[in-house]
Structures are given as C-alpha cells and as structure tokens.
Amino acid sequence: MTVQIILGMLAVCCILRGILQILQERPIYDAKDGVSQTTGNREIQADAFEIRITAAGKLAVLADGIGKENTGKVCASLAVKEFVEAFSLYRSLNNPRYFFERTMYGLHRSMQKVLEERQGGASIGVVLLAEGKLHYAMAGQVKIALFRGGDLIPLCESQTVDVLAQRAYQQGRLSRQETLWSLQDKKLWNYVGKDGFCQMEACEVPVELKRGDLVVMMTKGIYEEVPFAEMEQILGNEMLTAQGKSDKIVQCVDRSMEQDRENGSIAVLLTDGAMR
C-alpha cells in the first residue's frame, strides 16, 4: 500500500511539473499583443514571427526570409524556431547580449547547412522584455522601435549600403560625393545566412521601460509603405487594442497603389507585463 501511495504521489508531481512547464513556456502570442501580416503581391509569405513567454521574460522574434521560391520561408521559420528553442532553456538571462550573439551566430551556421548551394537567408529582429527593461538585437533590415509619448523612436538602423555609407562619412572614411552616390543604394549588405555575415546590431545599454510603452517590430514591407507619422497616429489611438493597431497599419499597406509590394509583418508588443 505504501509503495502505491508513493507511486501515486510521484505521478501527481510529474503531472503538476508538466502543467507548470506549459504555463512557463507558452509558444503563443500574448493575448494582448498585436501581430498582423500581408503577403503584398508575392505568392509566398516568407516572414515568420513568434513570442515565447517564460520565467526569464517575453521574447519576440521576427524574421524576414530572403531567397527564391520557398527558400526565404524556410530560412525565416528556422530563425524563429532556433531562437525560441534556445530561449526556452532559460529561467533567467543575466547576459542577454551574449544570448543574442551566441544564438545568432549558431543560427547562421545552421542556415548555411540548410541552404547548401542555394542563395538565401533572413533579416532577424529579436526583442526581450524582462525586469522592466527592453533588450534587442537585429541583423539585416528588421525595424525595432519604441512608441512613447506619441513618438515612434527607431532603436536600430538597417544594415544597407546607404546606412553604411552615412556612418563611413561621419567617421571621415568616405567623401561627401561618394556618400551621395551611395545613398541611392538600398541593397542589403549583411544578413544571417549570407556568406561573410559579420555582425549584428544590439543595444549597448537596455532601455528602461515606462508604463504605457509599446515596442514595435516590422519588416521592410511595412515601414517602407507607411510613414512613421501615420503609424504614430494609429499607435496613439487609445480606442484601438494592440491587435487593432497592427491590423490598421497593415490595412494602410494593402491600400497602397505600389505595383511591387513585398511581404510585410508588424508586431505591437505591450510592455506593462515586463514592468517590475
């Protein structure tokens, strides 16, 4: 009888442990966050997005796949999967930047194995909300911005030739004329999976969050179609939920008359849950 009681208690403990693990690792969007996508006039949606919530905080990953046919979709899905799985191993993160770097470069190696001889990869944006702070990392051209007090504040720059030229000019390594020529070149020079992938951009100091802040993540198909001023009006509309705001911004993209519209994804993340 005693053995049966012990076995019964062990079974109950295993069940409870499983339930707690499920609650701590929810591979879902937070019910109050907003996530919306458009395929533009492309045949395949090559963007991927996921949120994972654990005891370590809320991680959001947005990937914009690059490549012909389904190559971009495969790369974007792999990026989200590897970041989410890596984050799920942690109950706390003392060094988010190290986590971002290790996972990003490990993903680059995995992606090159998957690609083999094909050309492809992904632009990736990662956000961690924990203990009242915002940590982020980006490679490629995913925009990460903070909406505070009616202003949408970009936190990182695209890794494109024109941005690289501006930095070189500011550092005195490029002439004014060379810079002006380069400003016309919007070509992406760095992304995960690309031969020669060399760096990611990450916050040096985490952003201290204030109540009511929103974090916005978006791919090129959104921020190149909708002006920041228009986004600010939508994001500042207190009558809309976060989902309503992301939907409204995507509707603006879908109404665009541009003939060549790319995939677009936007996530509007609430931060109050990350406050101390």
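The residue numbers shown here count from 1 along each chain, following its written sequence. Local features in this predicted model are restricted to residues of pLDDT 70 or higher, and side-chain atom pairs are both shown and tallied only at a pLDDT of 80 or more, whereas totals for entire chains, interfaces and linings draw on every residue. Water and hydrogen atoms were dropped before computing side-chain values, which therefore reflect all heavy atoms in the structure.

Asker: Quick question: what am I supposed to make of the pairing of strand β10 (residues 214–218) here?
Answerer: A regular strand carries its side chains on alternate faces of the sheet. Here the term buried applies to any residue with accessible area under 20% of the maximum for its type, exposed to any over 50%, and partly exposed to those in between, with areas from a 1.4 Å probe on protein chains only. Only DSSP runs of H or I reaching four residues or more are called helices, and only runs of E reaching two or more are called strands; each is numbered from the N terminus. For β10, the buried fraction is high: 5 of the 5 residues fall into the buried class. Judged by which residues are buried, β10 turns out to be covered on both faces: Leu 214, Val 216 and Met 218 on one side and Val 215 and Met 217 on the other are all buried. Across 5 bridges, the pairing between strand β6 (residues 143–148) and β10 is antiparallel. Looking at β10, one finds that Leu 146 is bridged to Val 215. In this structure, β10 lies alongside strand β11 (residues 264–270), joined through 5 bridges in antiparallel fashion. When the sheet's bridge partners are listed, Met 217 is paired in β11 with Ala 267. Strand pairing requires that DSSP identify at least two bridges connecting the strands.

Asker: How should I be thinking about helix α2 (residues 71–87) in this particular structure?
Answerer: Helical geometry: 3.6 residues make up each α-helical turn, so side chains three or four residues apart lie on a common side. Expected span of a helix: the number of residues minus one, times 1.5 Å. Taking 1.5 Å per residue as the helical rise, α2 with its 17 residues ought to reach 24 Å, and the 25 Å between its terminal C-alpha atoms agrees with that figure. Along α2, the positions that sit buried rather than exposed are Thr 71, Gly 72, Cys 75, Ala 76, Leu 78, Ala 79, Val 80, Phe 83, Val 84, Ala 86 and Phe 87. Contacts were defined at the residue level, with two residues in contact if any of their heavy atoms lie within 4.5 Å. Those residues of α2 that are buried are in contact with β2 (47–54), β3 (57–67), α3 (96–115) and β4 (120–130).

Asker: Would you explain the packing of aromatic side chains in this entry?
Answerer: The geometry of an aromatic ring pair is captured by two quantities: the separation of the ring centres and the angle between the planes. Pairing of aromatic side chains requires ring centres within 6.5 Å, counting the rings of Phe and Tyr and the six-membered ring of Trp. Pairs whose planes differ by under 30 degrees are stacked, by over 60 edge-to-face, and all others tilted. With the rule as written, the count across this model stands at 5 aromatic pairs. Note on Phe 99 and Phe 100: the rings are 5.9 Å apart at their centroids and 55° apart in plane angle, and the pair reads as tilted. Relative accessible area serves as the criterion here: at 0%, Phe 99 is assigned to the buried category. Judged by its relative accessible area of 1%, Phe 100 falls in the buried class.

Asker: Would you explain the side chain of Lys 58 in this entry?
Answerer: Along the chain, the position of Lys 58 falls in strand β3. A polar contact is formed between the side chain of Lys 58 and the backbone oxygen of Leu 270, at a distance of 3.2 Å. Polar contacts, as counted here, are pairs of nitrogen or oxygen atoms within 3.5 Å of one another; within protein the pair requires one atom able to donate a hydrogen and one able to accept it, and residues that are adjacent in sequence qualify only if both atoms are side-chain atoms.

Asker: Would you take a moment to explain the environment of Gln 251 for this structure?
Answerer: Within the secondary structure, Gln 251 is located in helix α8 (residues 242–254). On a C-alpha basis, the gap between Gln 251 and Thr 38 in space is 8.7 Å, while along the polypeptide they are 213 residues apart.

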